[in-house]
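Chain and residue survey
Residue-level listing of the chains:
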Amino acid sequence: MELPTYFTDFLQAIRPTDAQRRALRDGHIKLRERLMAFEPLKLAFVTTFLQGSYRRSTAVRPSPGRRSDVDIIVVTRLHENDYTPAEALALFEPFVEKHYKDQYRIQGRSIGIHQEQVDLDLVITSSPPESIMGILPEDDEELDEETEAERNRKIARGNTWKKHSLRIPDRDAKRWEDTHPLAQLAWTREKNGRTSGHFVNVVKAIKWWRYNHQPALNHPKSYPLERIIADCCPDGIRSVAEGVTKTLEAVVTRYGFGKPLLPDHGCHPDVLHRVTEAQFREFYGAATTAARLARLALEAESIEQSATLWRALFGDKFPEPPKDEDEGSRGGFSERSGPSRVGSGRFA
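Summarised in this report is the structure supplied together with it. (Residues numbered from 1 in each chain as written. Predicted model: local features only at pLDDT ≥ 70, side-chain atom pairs only at ≥ 80, totals over all residues. Heavy atoms only, no water.)

Points about the packing of helix α10 (residues 240-254) against helix α12 (residues 303-314)
- At a minimum axis distance of 13 Å, the contact between α10 and α12 shows a crossing angle of 55°. With respect to α12, the axis of α10 lies oblique. As for the relative orientation of α10 and α12, their crossing is left-handed in sense. Across the interface between the two elements, A241, V244 and T245 from α10 touch W310, L313 and F314 from α12. (Axes fitted to C-alpha atoms, helices over the stretch in contact; angles between N-to-C directions. Helix = DSSP H or I, 4+ residues; strand = E, 2+ residues; numbered from the N terminus. Parallel < 35°, antiparallel > 145°, perpendicular 65-115°, else oblique. Left-handed = near helix turned anticlockwise from the far one by under 90°. Contact = heavy atoms within 4.5 Å.)

What about the nonpolar core?
- The biggest cluster of nonpolar side chains holds 51 residues, and the ones touching the most others in it are F10, W209, V244, W310 and F314.
- When contributions to this core are tallied by element, the ones reaching two or more residues are α1 (4-14), α8 (199-213), α9 (222-232), α10, α11 (277-299) and α12.
- Among the elements that line this core, the one with the most residues is α11, at nine residues.
- Excluding residues within four positions of it along the chain, F10 makes contact with A205, W208, F314, K317, F318 and P319.
- The next biggest cluster of nonpolar side chains, apart from the first, holds 29 residues, and it includes L24, L35, Y54 and I106. (Core = buried A, V, L, I, M, F, W, Y, C linked by side-chain atoms within 4.5 Å. Buried < 20%, exposed > 50% of the residue type's maximum accessible area, 1.4 Å probe, protein only.)

So, the pattern of salt bridges
- Inspection of the entire model under this criterion finds 17 salt bridges.
- Among the salt bridges present, the one from R67 reaches D119, with a minimum N-O distance of 2.7 Å. With a gap of 52 residues between them, R67 in the loop between α3 (53-56) and β2 (68-76) and D119 in strand β5 (residues 118-125) connect regions that are remote in the sequence.
- Relative accessible area serves as the criterion here: at 34%, R67 is assigned to the partly exposed category.
- You can call D119 buried: its relative accessible area is 17%.
- The salt bridge partner of D235 is R194, with a shortest N-O separation of 3.1 Å. Here D235 is found in the loop between α9 and α10, whereas its partner R194 is found in helix α7 (residues 181-194), with 41 residues between them in sequence.
- By relative accessible area, D235 is classed as partly exposed at 42%.
- Each of R109, D170, R175 and E177 takes part in one network of salt bridges that share partners. (Salt bridge = Lys/Arg side-chain N within 4 Å of Asp/Glu carboxyl O.)

So, the packing of aromatic side chains
- Under the criterion given, the structure shown has 15 aromatic pairs.
- Centre to centre, the rings of F10 and F318 are 5.5 Å apart; their planes meet at 50°, and the pair counts as tilted. Separated by 308 residues along the polypeptide, F10 in helix α1 and F318 in the loop between α12 and α13 (325-329) bring together distant segments of the chain.
- Assessed through its relative accessible area of 0%, F10 is described here as buried.
- Aromatic pair Y255 and F280: ring centres 5.7 Å apart, planes at 65°, arrangement edge-to-face. In this pair, Y255 sits in the loop between α10 and α11 while F280 sits in helix α11, placing the two residues 25 residues apart along the sequence. When sorted by exposure, Y255 lands in the same class as F280, which is buried.
- One aromatic cluster in this structure is built from Y6, F7, F10, W310, F314 and F318.
- Note that R194 overlies the ring of W187, its terminal NZ or CZ placed 5.8 Å from the centroid. (Phe/Tyr/Trp six-rings, centres within 6.5 Å; stacked < 30°, edge-to-face > 60°. Lys NZ or Arg CZ within 6 Å of the ring centre and 35° of its normal.)

Details of the sheet that holds β2
- Strand order in the open sheet formed by five strands is β1-β2-β5-β4-β3, with mixed pairing between adjacent strands. Of all strands in the sheet, those bounded by a partner on one side alone are β1 (45-51) and β3 (104-106). The mean inter-strand angle of the sheet, taken between neighbouring strand axes irrespective of direction, is 20°.
- Bridge count between β3 and strand β4 (residues 111-114): three bridges; the pairing is antiparallel. Across the sheet, I106 pairs through a bridge with I111, a residue of β4.
- Those strands touched by helix α2 (residues 18-37) are β1, β2, β4 and β5, and its axis lies near 170° from that of β1. (Pairing = 2+ DSSP bridges.)

Below you can see the structure in the form of structure tokens.
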């Protein structure tokens with residue numbers, strides 16, 4: 001059974017809390033203010049904008065003991081001919097040493113900043129073409145509450161961005177590489193429209209299953225996992241339950257031969273290049289078991305059976321089945337008092 005109100009409450013329970021979202025916003029705003037005021041980088045700094053699952057509205061609540069994390073793109077005027085990737089990242093080291101001493105780590109492609117409630121991943125870019133400076137994302141855009149007009153405006157800007165990637169430093173590979181965060185965002189918005197607003201919720205549900213009920217798996221995770229879901233989730237789904245089931249089943253039918261080649265939306269030739277064949281086989285085995293369980297839950301004939309099976313898949317954040325036998329045997333719409341509202345026609 002699709003149990004829409006049960007899924008509504010489940011999705012509400014796994015989305016980042018208000019406090020986590022405030023910590024994210026506050027961390028981003030503070031970092032931006034500090035960057036703008038840091039004299040040695042003033043001439044190089046253009047703007048910042050949020051990127052990643054928060055921006056695509058596919059983030060889930062972090063597991064106990066872990067923090068929310070977010071990618072922050074820092075657009076600069078640094079030219080690739082003047083700076084190697086290592087030199088570009090090194091320019092920001094005095095900044096993080098001053099404001100985030102003992103809280104940062106220089107990584108291969110970014111600078112990780114670890115705070116009490118949130119992890120910030122600072123991703124710098126080289127100077128983009130002058131022609132796209134005027135259509136850079138607005139720093140104060142809301143993450144998920146947007147009107148139809150705002151959504152159309154962002155899609156239009158995303159369509160413009162599709163022609164232009166950004167370049168980020170890879171210190172280990174010693175080269176600048178393409179990234180295209182706006183193409184990813186535009187594709188997600190379009191896909192969400194083709195699934196009656198269910199796609200982002202299917203992503204959140206499967207991410208929750210993967211992170212909280214398959215913790216032994218190292219990969220895939222984050223965007224590579226989301227890219228797999230994007231590849232397998234069909235258009236035209238009528239519910240999150242249907243989307244979860246058909247997506248997991250598509251993983252089983254499409255990837256039985258082994259790890260696929262999955263290009264990114266906009267640039268990178270294979271988002272799974274860091275995932276080994278062995279790691280993918282482990283994920284495939286777990287997805288096969290999950291697909292069978294999801295199908296049983298979807299086709300169960302009573303609310304009690306269905307909710308129990310969905311709860312076996314997703315854990316105790318999924319609502320318990322009704323204790324009343326009559327209610328559990330009706331097999332129809334589940335009555336729930338005061339369900340939490342989770343957007344379906346837009347990002348949530």
